[in-house]
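# Notes for the structure review
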Amino acid sequence: MILAPMQGLTELLFRRVYEECFPGAIKLAITPFLSLTHNLHNLLNDKSQSATLRHYLRDVLPEANNGSIPITPQILGKEPEEFIALANRLYDMGYSEVNWNIGCPMRNITGKHRGSGILPYPEEVRAVLDAVMPELKPKLSIKMRIGLRHKEEIFQLVPVLNDYPLASVTIHPRLGRQQYTGVPDMETFGEVLPLIKHPVIYNGDIKTMADIQQIKEKYPTVADIMVGRGILYNPTLAIESGKCEVLKNGKEHLTKHFIGRLMDEIRRTALTEESALRKTKEYWCLLWRALPISEAEARKVLREQELTAVDKMICTFIQ
Ligand SMILES: Cc1cc2nc3c(=O)[nH]c(=O)nc-3n(C[C@H](O)[C@H](O)[C@H](O)COP(=O)(O)O)c2cc1C
């Protein structure tokens, strides 16, 4: 199982706590994206900017990721020079692969033909790959949706992707314009899977072991499964197997311990009470589903404005 990139959620703090609680359970995480910026050359080369550079790269600094889930850094953007400079710097930092995000559905991003905004334009994808691939030191994998507006887009793109030596292609079978609504388009996924010559990783709406089994049985050529929100809905998913009695008995305890450790680390590392409160609520929006509590109880936490009160409520749920 691979952990999906989720900006603000599957960042370093989460990955460290997860690895501490479930060592080795997730073999790889794709990091939330590093966005290419126009001043990237200065940032990478001007020594006086080293503090800014460390801040920009904070989620992927190798020393900070020691003892965490192994990572592949992800890049968002399509400017070849900046892409090559960042990817090769990441290689020099020890990363043998980088991932290109051509799936992000946010409007401010897609409007610039970034993220899933590039999917309707196969020739733009080809231009980026033509410029970037010969210069890249690390391997390149791709994470994408099936299109921005139409599922036909992926069928136009596959021949382009097949022309390059990609490490893998992760497909989240929704359209960019759907954001996270509706359900994954499994029909299109099934049609496109045999056309892709690279290892294909499935991503989207995996919440249970049964979901994983179903993908493996229905699509045996799928190389791996990537899970995002599902790991927050059910933190023990990565160590689950129908035969594991110990886990069945200990699931609730392990889940509560994990949530407790995550909350501790948020408190320990947040710069202000306000940011601790915001972060706690961001996680709580998804995590509460892992606990035997009602939605009404969970919502009370979200309405609360004081960190100590939020802490107290969550503590009672995870005791
Ligand atoms: C809050 C949030 C942030 C996300 N950030 C990223 C990101 O940085 N890069 C990316 O490729 N996908 C990002 N995604 C998409 C997820 O990686 C994943 O494709 C999507 O959530 C579907 O998988 P899931 O149903 O397992 O969550 C994000 C999703 C969410 C909900």
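Let me sum up the structure you'll find in this document. (Residues numbered from 1 in each chain as written. Predicted model: local features only at pLDDT ≥ 70, side-chain atom pairs only at ≥ 80, totals over all residues. Heavy atoms only, no water.)

It is worth spelling out the pairing of strand β10 (residues 224–227) at this point. The alternating pattern of β10 places D224 and M226 on one face and I225 and V227 on the opposite face, and all of these are buried. Two elements, strand β1 (residues 2–3) and β10, share two bridges in a ladder whose sense is parallel. Within β10, the position partnered with L3 by the bridge is V227. Taken together, the three bridges between strand β9 (residues 200–203) and β10 define a ladder with parallel strand orientation. Within β10, the position partnered with N203 by the bridge is M226. You can see the chain leave β9, run along helix α9 (residues 209–218) and come back into β10, and the turn it takes is right-handed. (Buried < 20%, exposed > 50% of the residue type's maximum accessible area, 1.4 Å probe, protein only. Helix = DSSP H or I, 4+ residues; strand = E, 2+ residues; numbered from the N terminus. Pairing = 2+ DSSP bridges. Right-handed = clockwise from strand over helix to strand, strands pointing away.)

Our next topic: the site of the ligand. Among the 18 residues in the neighbourhood of the ligand, the closest are listed as P5, Q74, N203, D205 and R229. Within the backbone of Q7, one N or O atom sits 2.9 Å away from a nitrogen atom of the ligand. A distance of 2.8 Å separates an oxygen atom of the ligand from a polar atom in the backbone of G228. Considering only residue class, the shell around the ligand consists of eight nonpolar, seven polar and three charged. (Near = heavy atom within 4 Å. Polar contact = N/O pair within 3.5 Å; in protein donor to acceptor, adjacent residues only side chain to side chain. Nonpolar A, V, L, I, M, F, W, Y, C, P; charged D, E, K, R; others polar.)

Our focus in this paragraph is the packing of helix α13 (residues 295–303) against helix α14 (residues 307–318). Where α13 contacts α14, the axes come no closer than 9 Å and their chain directions differ by 155 degrees. Regarding the angle of α13 to α14, the classification is roughly antiparallel. Both α13 and α14 take part in a crossing whose hand is left-handed. The residues of α14 that touch α13, namely those facing E297, K300 and V301, are V310, M313, I314 and F317. (Axes fitted to C-alpha atoms, helices over the stretch in contact; angles between N-to-C directions. Parallel < 35°, antiparallel > 145°, perpendicular 65-115°, else oblique. Left-handed = near helix turned anticlockwise from the far one by under 90°. Contact = heavy atoms within 4.5 Å.)

Time to look at the pairing of β9. Residues V200 and Y202 point to one face of β9 and I201 and N203 to the other, with burial holding for every one of them. Both strand β8 (residues 169–175) and β9 contribute to a ladder of three bridges, which runs parallel. Its bridge partner lying in β9, V169 is registered against V200. Between β8 and its parallel partner β9, the chain crosses via helix α8 (residues 186–192), and the hand of that crossover is right-handed.

With respect to the helices and strands, E82 occurs in helix α4 (residues 80–92). No salt bridge is formed by the buried E82; its nearest oppositely charged neighbour, R114, is found at 7.9 Å. When residues no more than four places from it in sequence are discounted, the contact partners of E82 are L36, T37, H38, L40 and H41. (Lys, Arg positive; Asp, Glu negative; His and termini not counted. Salt bridge = Lys/Arg side-chain N within 4 Å of Asp/Glu carboxyl O.)

Pairing is parallel across the open sheet formed by ten strands, whose spatial order is β3-β5-β6-β7-β8-β9-β10-β1-β2-β4. Of all the strands in the sheet, the pair left with one neighbour each is β3 (34–35) and β4 (71–72). Of the pairings in the sheet, the one linking β1 to strand β2 (residues 28–30) comprises two bridges and is parallel in character. Paired with L3 across the two strands is A29, which belongs to β2. Lying over the sheet, α4 contacts β3, β5 (74–76), β6 (97–102) and β7 (139–147), oriented at roughly 165 degrees with respect to β5.

Spacing of three or four residues puts side chains on the same side of an α-helix, whose turn is 3.6 residues. Helix length check: α14, at twelve residues, gives a terminal C-alpha distance of 16 Å against a target of 16 Å (1.5 Å per residue), a fit within 8%. Along α14, the residues classified as buried are L307, V310, M313, I314, F317 and I318. The buried residues of α14 occupy one face: seen down the axis, they fall within an arc of 130 degrees. Seen from the buried face of α14, the exposed residues on the opposite side, beyond 90 degrees, are T308 and K312. (Expected span 1.5 Å × (residues − 1). Arc of directions from axis to C-beta.)

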